[in-house]
Amino acid sequence: MKKRLAATALLLVLSLAITGAASSLLTQTRLDAYTGVTVLLDGQALDYTYDDGTKPDPFLVNGVTYLPVRAIAEALGLDVGWDGETATVTLDSGAPAKPQSTAATRTASVTTPRTQAELLKVLDSVRSYYYDDYLVYEEADMAEVPMATAAAAEAPAMNEAAAEPEAALEADRGADYSGTNVQVEGIDEGDIVKTDGEYIYILRDYDLVILKAQGANTQVVCHTMLGDGAVEEDRPGYDYYNRYYDRMPSEMYVSGDRLAVVSYTDEYLDYEDLDGRWHWEDDTYQTVDIYDVSDKTAPKLLRSLGQDGYDIASRLYGDTLYLVSQYYIYDWEEDEPRTYLPCVYENGQAEPVALDCIGILPVVDSAEYLVIGAYDLRTGRMTDRLSLLGSGSDVYMSRDNLYIAGYVWQDAELSTWQESVYTVTQRSSGAATQLIRVGLDGSLDADAAGLVPGYLESQFSMDEYEGNLRLVTTVSGSVWREYVDEEYGFSNTQWDSWNQSNALWVLDQELNLVGSVENLAENEQIYSARFAGNTAYFCTYRNTDPLFAVDLSDPANPVVLSELKITGFSEYLHQWTPDLLLGLGLEADPDTGWTEELKLVMFDVSDPLDVSAAAAAIVPDEYWSAALYNHKAVLIDKEKNLICFPGGNAFYVYDYDEVRGFALRAAIDLDTSWYSAARALYIGDVLYIAGDASVAMLDLARLRVIGQLDLPAELYPEVWRDYYGWVE
């Protein structure tokens, strides 16, 4: 077998001692006097004899050594090619050059298991074992732990006549007020502060505060606890017994006279029986509690619904709330479907997802499900559910489709060859993004699946436009060789390369590749992205912040129009006007890359071929903001000339003028150390900045404080005060 060379440089050192006298005697007519040259490779004579026994000799002409390329190359295990048109010799070692991406862009399909045995076979292939000599984990009896409050179980069924949020919602839209900062206009995202244009709803750890928005005379009209908890630390007949139940609200939606609260719920139980065996279970699920808030002073719980898993994302479109969660299972029994199927809930009753509502993703690398639920806020019912065996982390939703992206790790075998006593296998590995498209035109179905190289920065790395999904990823991967001596059972590994770059992909509705731009900004990663019609903007970073502008008018042939480099980087991008793009991020030292203070940048994108920085401002003594990782913490409104965001020390209000640039208009102290829970909104001519302890009211015209309201102390389940020793 021919010897194959890996993707490393092979250095041939030919030592030829030629005296000046010998060189002067060398002529074209006396070549025979200077043949018989020996070629040494690593000190050993190289045999370059052809298979038919002939051996073309090297020779010297005027001090230059001429070697027979084909003979030498084939002796080294290289493939030789000749292009007569270009007079080019090509040498191929057989080992691929270092790849720019380690996973191919491809489509795949979601399969539906025909039987439970088929589903269990996939689960068993990714089972994680947690057994040892001392612990045996079994499903524990959690029947005595309540799923929801008694009020939910006793609530009367909702009917169409009792729920008419659509008309109320349209009426509210006539008011001049701001909503949550969302990615797609018309599709709401859950948050901890909401308004309907007349009232302000503030969700804290376990409680809800409703304010009547009246400017300087704003008042609290309701303060009620929404969360719940239970603890049991001892039980007769057990050496050890520990059980708790915790339901903590995380986000909410307001639609007319309906309030939907999404809560993280955790039920945990472990105990040691009299035989010394440990029993353990930890169930995590999301509840969707629907309240009637027609009477703002007394919200009424109508129904408690839910689904297994921890919250990934939610969206509200019209009257339908879509919730996506990730559900991990640790162990299961074949004869107990509840142990390996996710459940949905209604008023405390669990129902396993039916087999015909379960799909298996193309790449399944762990025992976890994506669970997707659709909830109608008018009727208070879960209208559909879908569960997919596989993982996800980012969600993008348009009016037509719900896209779920998940991080997967891809390994590939590139080539194998023999080298001395070793069998050498060159391998690659790297991150990839698995994509699922769920159509919203009827029932929840996984209509397409695909895979692209690299990983996403956030939901803003995805965008749907004119039927195509556009996304940007950071592509990183490693290439290495594994040497195996099969006779002695010895193996070793040698790393060849690690490389990172960035790419833009355009996919159709079936997630087939339409076009791409790859190998951008080597050794950097994407920190923010924004799509605006036929143009994509994204920032990468290492020591400086390149802002790329990419033309997508021809989806099959994306073109990089410009690349602007400035110091620092933007973590969030927002379209201020068609010609201006706002960036919020951090300044950085251009030499070391060390981050510094918060930074605002206004990019001039009026000429995509020549993007420039129109203005920039540093936020003094602020080194962090919730807005860097949560776009819902920002209020940006061009018509009101508002740029509002929390820092670590205050809540900031800026404006922007094309002549003078950014100007700080207000820095509001909310008497809190937790500004990540603060939000800004406006109703009429008043700007409200709501924190977890107080709310400040500002005159929108002059941005001067006209009043401040202290909120009541937070409410917590009494059990947690005893459990953690909390005091007022």
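Every value quoted in this text rests on a predicted model; they were computed, and no experiment measured them.

Basis of the calculations
Residues numbered from 1 in each chain as written. Predicted model: local features only at pLDDT ≥ 70, side-chain atom pairs only at ≥ 80, totals over all residues. Heavy atoms only, no water. Helix = DSSP H or I, 4+ residues; strand = E, 2+ residues; numbered from the N terminus. Contact = heavy atoms within 4.5 Å. Core = buried A, V, L, I, M, F, W, Y, C linked by side-chain atoms within 4.5 Å. Buried < 20%, exposed > 50% of the residue type's maximum accessible area, 1.4 Å probe, protein only. 1 Å grid on protein atoms, 1.4 Å probe; cavity = no way out; pocket = protein on both sides within 12 Å on 5 of 7 lines; lining within 4 Å. Points joined across faces, edges and corners; volume = space filled by probe spheres on them. Nonpolar A, V, L, I, M, F, W, Y, C, P; charged D, E, K, R; others polar. Salt bridge = Lys/Arg side-chain N within 4 Å of Asp/Glu carboxyl O. Pairing = 2+ DSSP bridges. Axes fitted to C-alpha atoms, helices over the stretch in contact; angles between N-to-C directions. Phe/Tyr/Trp six-rings, centres within 6.5 Å; stacked < 30°, edge-to-face > 60°. Lys NZ or Arg CZ within 6 Å of the ring centre and 35° of its normal. Patch = residues over 30% accessible without salt bridge, like charges linked within 9 Å, V, L, I, M, F, W, Y side chains within 5 Å. Areas by Shrake-Rupley, 256 points an atom, 1.4 Å probe, with all protein chains shown as cover. Lys, Arg positive; Asp, Glu negative; His and termini not counted. Charge placed at Lys NZ, Arg CZ, Asp CG, Glu CD.

Draft legend 1. Main features of the environment of Leu-670. Note on placement: Leu-670 falls in the loop between β43 (661-668) and β44 (679-683). The spacing of Leu-670 and Gly-691 is 21 residues in sequence and 6.4 Å in space, taken between C-alpha atoms. When residues no more than four places from it in sequence are discounted, the contact partners of Leu-670 are Tyr-675, Ala-678, Ile-689, Ala-690, Gly-691, Ala-693, Ser-694, Ala-696 and Gln-708.

Draft legend 2. Layout of the nonpolar core. Leu-119, Leu-123, Tyr-369, Ile-372, Leu-435 and Leu-471 are the most contacted members of the largest nonpolar core, which totals 67 residues. Of all the elements, strand β22 (residues 368-376) adds the most residues to this core, at six residues. Ignoring sequence-local partners within four residues, the contact set of Leu-471 consists of Leu-435, Val-452, Leu-456, Ser-461, Met-462, Ala-503, Leu-504, Trp-505, Leu-507 and Phe-531. Counting 32 residues, the second-largest nonpolar core is a separate cluster that includes Tyr-291, Ala-677, Ile-683 and Ala-690.

Draft legend 3. Up close: empty space enclosed by the protein. Counted according to the given criterion, the structure contains two cavities of 30 Å³ or more. Counted as a void, the largest cavity has a volume near 40 Å³. Taken together, Tyr-572, Leu-582, Leu-584, Leu-600, Val-634, Ile-636, Ile-643 and Phe-645 form the lining of the largest cavity. Residues of the lining of the largest cavity, tallied by class, amount to eight nonpolar, no polar and no charged. By volume, the second largest cavity amounts to about 30 Å³. Looking at the second largest cavity, the residues that line it are Gln-183, Val-184, Ile-187, Glu-189, Arg-315, Tyr-396 and Met-397. Per-class residue counts for the lining of the second largest cavity are four nonpolar, one polar and two charged.

Draft legend 4. Structural detail: the pattern of salt bridges. Applying the stated criterion across every chain, the model contains 28 salt bridges. Among the salt bridges present, the one from Asp-308 reaches Arg-338, with a minimum N-O distance of 3.9 Å. Highlighted residues: Asp-308 in strand β16 (residues 300-308) and Arg-338 in the loop between β18 (320-328) and β19 (343-346), separated in sequence by 30 residues. By relative accessible area, which is 24% here, Arg-338 ends up partly exposed. One salt bridge connects Lys-599 with Glu-587, and the closest N-O pair in it is separated by 3.4 Å. Residue Lys-599 is located in strand β38 (residues 595-604), and its partner Glu-587 is located in strand β37 (residues 580-588); the two are separated by twelve residues in the primary sequence. Salt bridges linked by common partners bring Asp-124, Arg-127 and Asp-331 together as one network.

Draft legend 5. Representation of the sheet that holds strand β23 (residues 381-389). If you walk across this open sheet you meet the five strands as β17-β18-β22-β23-β21, and the pairing is mixed. Both outer strands of the open sheet, β17 (310-317) and β21 (358-360), are each paired with one neighbouring strand and no more. Taken pair by pair, the neighbouring strands of this sheet meet at an average axis angle of 20°, ignoring direction. Looking at chain direction, β22 and β23 are connected through eight bridges and run antiparallel. Residue pairing across strands places Leu-370 opposite Leu-388, the latter belonging to β23.

Draft legend 6. Representation of the packing of aromatic side chains. Throughout the structure, instances matching the rule amount to 20 aromatic pairs. Their ring planes at 65° and their centres at 5.0 Å tell us that Tyr-328 and Tyr-330 sit as a pair that is edge-to-face. Taking the relative accessible area as the measure of exposure, Tyr-328 reaches 25% and is therefore partly exposed. Among the aromatic residues, those joined into a cluster by ring pairs are Tyr-422, Tyr-483 and Phe-490. Its guanidinium or amino end placed over the ring of Trp-332, Arg-127 lies 4.1 Å from that ring's centre, counting from NZ or CZ.

Draft legend 7. Broad picture of a nonpolar patch on the surface. On the surface, a nonpolar cluster with roughly 410 Å² of combined accessible area is contributed by Val-69, Trp-82, Val-89 and Leu-91. You can see Trp-82 is positioned in strand β5 (residues 79-83).

Draft legend 8. Broad picture of the environment of Ile-200. Checked against the element boundaries, Ile-200 lands in strand β9 (residues 199-203). Overall, Ile-200 belongs to the buried group, its relative accessible area being 1%. Expressed as a C-alpha distance, the spacing of Ile-200 and Thr-218, which sit 18 residues apart in the sequence, is 9.6 Å. In this view, Ile-200 contacts Val-193, Lys-194, Thr-195, Val-209, Ile-210, Leu-211, Ala-213, Leu-681, Ile-683 and Tyr-688; residues no more than four positions away in its chain are not counted.

Draft legend 9. Spotlight on the sheet that holds strand β42 (residues 651-657). The strand order across the open sheet built from four strands is β40-β41-β42-β43, with neighbouring strands paired in antiparallel fashion. Whereas interior strands pair on both sides, the edge strands pair on one side only; in this sheet they are β40 (635-637) and β43. The average angle at which neighbouring strand axes cross in this sheet is 20°, direction not considered. The pairing of β42 with β43 spans seven bridges and is classified as antiparallel. Considered in β43, the bridge of Tyr-654 is made with Leu-664.

Draft legend 10. Spatial organisation of a negative patch on the surface. Together, Glu-333, Glu-334, Asp-335 and Glu-336 make up a region of like negative charge exposed at the surface. As for its position among the elements, Glu-334 is in the loop between β18 and β19. Given the relative accessible area of 56%, Glu-334 is considered exposed.

Draft legend 11. The arrangement of unusual backbone geometry in detail. Backbone geometry at Leu-511 places phi at a positive 65°, although glycine is not the residue there. Relative to the elements of secondary structure, Leu-511 occurs in the loop between β30 (490-507) and β31 (513-520). Among the residues examined, Leu-511 registers a relative accessible area of 1% and is labelled buried. One non-glycine residue, Asn-519, lies in positive phi territory at about 60°. Position of Asn-519 among the secondary structure elements: in strand β31.

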